[in-house]
Structure formats: structure tokens, C-alpha cells
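Fold and geometry: a report
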Amino acid sequence: MVSPAQLPFEQPQPLQVPPQLRVLQSQGAVHRIRTAVGHDAWLVTDYAHVRELLGDDRLGRSHPDPQNAARTGESALFGGPLGDFVTERADHARMRALLQPHFSPKHMRALRPRIDALTAQLLDQLTISATPADLHAAVAVPLPILVICELLGVPYDDRDQFRAWTEAAANINDRSISEQGLGNLFGYGMRLVETKRQEPGDDVISRLCVTDGVSTEEAAMLSMALLFAGHETTVVQIGMGALLLLANPDQWNALRDDPGLIPNAVEEILRAPGKGGGGIPRYARTDMEIDGVRISAGDLVLLDNGAANHDPAVFAEPDRVDITRKAAAHLTFGHGLRYCIGAPLARMELQAVFSQLIPRFPTMRLAASAENLTVRKDVLTGGLTALPVTWDR
């Protein structure tokens with residue numbers, strides 16, 4: 001019997017799909033694997049099944065026996081089951097009903113000029129920086145934090161503290177660090193909610209505070225979930241998107257020559273980085289079959305949306321970066337009832353960055369080879385540790 005593949009898969013450079021994942025994809029859609037903490041799981045790697053299963057209510061985030069469930073890692077936030085097995089569906093529906101209005105097209109349109117202005121301010125500072133400069137630290141990190149602070153009503157001066165807590169909560173190697181970070185973040189959320197009840201503003205936390213039936217604890221939990229998801233993932237997407245374009249200068253130059261391609265390019269930026277060998281964790285709520293493979297109730301199933309985004313059956317030459325590609329069908333934000341609520345916000349931030357960065361720095365280029373850049377392996381979201389760049393003045 002062939003031993004299960006062991007996560008994490010080796011990735012020679014940040015933009016490349018792990019070679020072992022490519023081998024698995026060529027062998028079928030569903031694979032027995034072992035997670036980074038040595039637990040058995042199933043990895044689904046093709047687009048059709050990942051898309052279908054993202055909307056399949058036979059899979060969920062909870063588990064009837066959470067203490068003995070397989071885990072992907074040690075993060076208290078995402079490493080194992082979440083929620084109550086009996087009430088998960090109702091709880092999820094309530095969460096979306098409470099949060100979706102704050103990400104309505106009307107709210108997003110109102111926020112766009114502010115995102116553009118914040119981006120311009122960061123790029124103003126970059127123009128006077130010494131080179132090589134770190135684009136990750138100069139733009140990818142601060143912009144999503146500035147935006148989510150304004151949206152939620154979180155003091156920007158607290159950014160170093162809450163970012164340290166979110167990074168601790170996302171730690172996949174040490175559960176005690178993750179649990180402490182999560183606890184600190186929730187305590188911070190509780191204090192913010194109490195402040196907003198006394199001094200409300202025009203922000204999401206204040207609006208949650210006056211929503212009927214929302215307790216202080218629920219408002220704090222929802223707010224801190226948005227604080228985490230609303231900046232950590234976008235930091236990664238901006239950094240990897242910039243690397244993707246800078247490592248493919250023809251694509252950078254094409255956007256310089258035709259800014260109208262920016263929205264389409266953002267979709268390719270969301271699709272193309274070579275993520276894979278993990279994905280979105282789900283637990284089987286019943287015995288089921290996936291592509292002829294029997295899955296038992298309680299099994300951990302990883303829906304690898306990164307691998308699905310590189311399925312040649314859907315994306316021709318998937319490893320080639322092509323900003324003219326019709327890539328909007330990618331699964332980076334999920335699919336179905338759990339589709340990412342913050343997707344419109346992330347798209348706006350990416351569009352703001354690249355619509356301004358490229359014309360203002362048309363000669364920008366990498367100051368280190370992509371192969372030598374470091375990706376974080378200790379936190380859920382991954383992402384670059386730095387992105388050194390230079391340009392002609």
C-alpha cells in the first residue's frame with residue numbers, strides 16, 4: 001500500500017505550484033494524505049469537485065467529537081473543528097445575515113474613494129524611500145490595516161498590538177500561542193464594543209452594537225473575526241500579486257500600457273499564485289462518496305482551492321500568468337453559501353493598489369530573485385516576509 005502524501009508539500013519558490021501536488025492531480029481528484037500534525041485526511045484537488053463540495057451541506061466546519069477530530073495544524077482559529085455540530089447551519093446563516101449588510105454594494109461604493117486616497121498616501125511615502133525598498137512593508141501590510149480600521153471603527157494606533165494578536169492566533173505550530181492570541185483579540189474586541197456603546201460612530205462595530213439581539217460577546221466575536229479576515233488575507237494577496245506581476249514584466253508592462261485591464265488582472269492575481277496542498281477544511285457530516293472514494297462521517301476533507309485554480313481542465317496553461325485570461329471563475333474566495341463576504345473589499349483594495357502603483361512606478365522591478373524570497377510557514381495565511389523592489393528615479 002502506498003503511504004499517504006505528507007503535508008506540507010515542498011514549494012521551491014513562492015509562485016510555483018508544489019511539484020508533488022501536480023503529481024497527485026495527474027492521478028485523480030481525491031487523495032489520502034496526512035496533515036502537518038500527522039492526522040489522516042482527504043485532499044480534493046480538481047476544480048469540478050472542489051467547487052461542488054464547497055456548496056455541499058454534507059460537509060461542514062464542525063464535528064460531533066471535536067476533541068478527537070483530525071486537525072490541519074495547531075491554530076485554535078482554523079486548525080480544527082469550529083462551531084456546534086447541531087446548530088452550525090443556523091449559526092452560520094445568522095452570522096452572514098448580520099455581516100452581509102455591512103459589505104453591501106452601497107457601503108463598498110462609499111468606501112472606494114477613501115481606499116484610493118489611502119493608497120495614494122502610501123505611494124507618496126514610497127516615492128521618497130531609499131531603494132531597494134520593501135513593498136510588503138510599505139504598501140501590502142499598511143493598506144489593508146488602514147482600510148479595515150476605518151470600516152470597523154478600530155483605532156489605527158492600536159495596529160501593532162492587534163496585528164501581533166492576529167498573527168499569534170494564526171500560529172499553526174503552537175496551540176498555546178494561538179489560544180492566547182485569540183483570547184487577547186477577543187478581550188480587545190469586548191473593550192471596543194463597550195466603548196462603541198458609549199461613543200458610537202459611523203462604523204461596523206457601532207452598527208452591530210445597536211442591532212437587536214446582538215450581545216456584547218457576539219458583537220466582539222464578529223468584529224474580531226472581521227478584523228482578522230479583513231486584513232491578514234489581503235496583505236498576502238497584495239504582496240503575492242505584486243510579486244506575480246514583477247516576476248512577469250511583460251504583464252506589468254501590459255498593465256502600464258492598458259490600465260483598463262486592471263479589473264481582469266486582479267482576478268488573475270487572485271487565481272495564479274501557486275498555492276496548494278491544503279485548502280479549505282471541512283468535516284464529513286455523513287458517510288459519502290467523492291469521485292468513487294468512500295468518505296466516512298467525521299473525516300477531514302481539504303478542499304484545495306489553490307489546486308483547483310490550476311486545473312488545466314478549466315484554466316488553459318494554468319501555470320502561465322495571463323492578465324487577459326477570463327479568470328473570474330477562480331475559487332480563491334470559495335463558492336456557494338460560504339463565499340467570502342469580504343471579497344468585494346479585497347478586490348477594491350487590489351484594484352486601488354495596482355491601478356496606482358504601476359503608472360507611478362513604471363520601471364519598478366524585483367531587487368531579489370523570486371526563488372530567494374521567503375514565505376511564512378508559521379501562520380495560516382502564509383505570505384511573504386518581504387518584497388524588495390527598486391525603480392528608476
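Residues numbered from 1 in each chain as written. Predicted model: local features only at pLDDT ≥ 70, side-chain atom pairs only at ≥ 80, totals over all residues. Heavy atoms only, no water.

As annotated in an unreviewed UniProt entry, the protein carries the name Pentalenolactone synthase and is attributed to Lentzea albidocapillata. Listed in UniProt under the heading Cofactor (unreviewed entry), the comment for the protein reads: "heme". (UniProt positions renumbered as here; feature names shortened; annotations may be inferred.)

**Side note on the overall build of the protein**
Along its length, the protein carries 14 helices and eleven strands. Relative to the globule expectation of 21 Å for 393 residues, the C-alpha radius of gyration of the protein, 21 Å, shows essentially globular dimensions. Dimensions along the principal axes, computed over C-alpha positions, put the protein at roughly 60 × 55 × 35 Å. Burial analysis of the protein (393 residues in total) assigns 52% to the buried set. For the protein, contacts bridging at least 24 residues in sequence account for 71% of all contacts bridging at least 6. (Helix = DSSP H or I, 4+ residues; strand = E, 2+ residues; numbered from the N terminus. Rg over C-alpha atoms; globule rule 2.2 N^0.38 Å. Buried < 20%, exposed > 50% of the residue type's maximum accessible area, 1.4 Å probe, protein only. Contact = heavy atoms within 4.5 Å.)

**Observations regarding the sheet that holds strand β11 (residues 388-390)**
Note on sheets: strands pair through backbone hydrogen bonds, and any given pair is parallel or antiparallel. Strand order in this open sheet of three strands is β5-β11-β10, and the pairing throughout is antiparallel. The sheet is open, and its two borders are formed by β5 (133-134) and β10 (365-366), each paired with just one other strand. Where β10 lies against β11, two bridges are found, and the strand directions are antiparallel. Counterpart to arginine 365 in the pairing with β11 is threonine 390. (Pairing = 2+ DSSP bridges.)

**A short note on the side chain of arginine 61**
Summarising the element assignment, arginine 61 is placed in the loop between β4 (59-60) and α3 (88-99). Buried charge without a partner: arginine 61 forms no salt bridge, and the closest opposite charge is glutamate 88, 6.6 Å away. Ignoring any residue separated from it by four or fewer positions in sequence, one finds arginine 61 in contact with Phe78, Gly80, Pro81, Leu82, Glu88, Pro281, Arg282, Tyr283 and Arg338. (Lys, Arg positive; Asp, Glu negative; His and termini not counted. Salt bridge = Lys/Arg side-chain N within 4 Å of Asp/Glu carboxyl O.)

**Brief notes about the nonpolar core**
One finds Leu345, Phe354, Leu357 and Met364 to be the most contacted residues of the largest nonpolar core, which totals 81 residues. For this core, the element with the highest residue contribution is helix α10 (residues 216-246), accounting for 15 residues. Leaving out residues up to four positions away in the same chain, phenylalanine 354 has contacts with Ile238, Gly241, Ala242, Leu245, Ile262, Ile269 and Pro359. Within the second largest apolar cluster, 19 residues are counted, among which are Trp42, Met288, Leu303 and Phe315. (Core = buried A, V, L, I, M, F, W, Y, C linked by side-chain atoms within 4.5 Å.)

**Some words on helix α1 (residues 19-27)**
For α1, the set of buried residues is Leu21, Leu24 and Gln25. In an axial view of α1, the angular spread of the buried residues amounts to 100°, which keeps them on one side of the axis. Exposed and oriented more than 90 degrees from the buried face of α1 are Ser26 and Gln27. Glycine 28, located one to two residues past α1, shows a positive phi value of around 150°. (Arc of directions from axis to C-beta.)

**Regarding the pairing of strand β2 (residues 30-34)**
Inspection of the sheet shows strand β1 (residues 5-6) paired to β2 by two bridges, in the parallel sense. The residue of β2 that forms the bridge with alanine 5 is isoleucine 33. The β-α-β motif built from β1, the intervening α1 and the parallel element β2 has right-handed crossover chirality. Count of turn residues in the β2/strand β3 (residues 40-44) antiparallel hairpin: five residues, of which glycine 38 carries a positive phi of about 85°. (Right-handed = clockwise from strand over helix to strand, strands pointing away.)

**Structural notes on the side chain of glutamate 88**
The residue glutamate 88 is located in helix α3 in this model. Among the residues examined, glutamate 88 registers a relative accessible area of 7% and is labelled buried. Reaching out from glutamate 88, the side chain makes a polar contact with the side chain of arginine 338 at a distance of 2.6 Å. The residues touching glutamate 88, leaving out its near neighbours within four places in the chain, are Gly60, Arg61, Ser62, Arg285 and Arg338. (Polar contact = N/O pair within 3.5 Å; in protein donor to acceptor, adjacent residues only side chain to side chain.)

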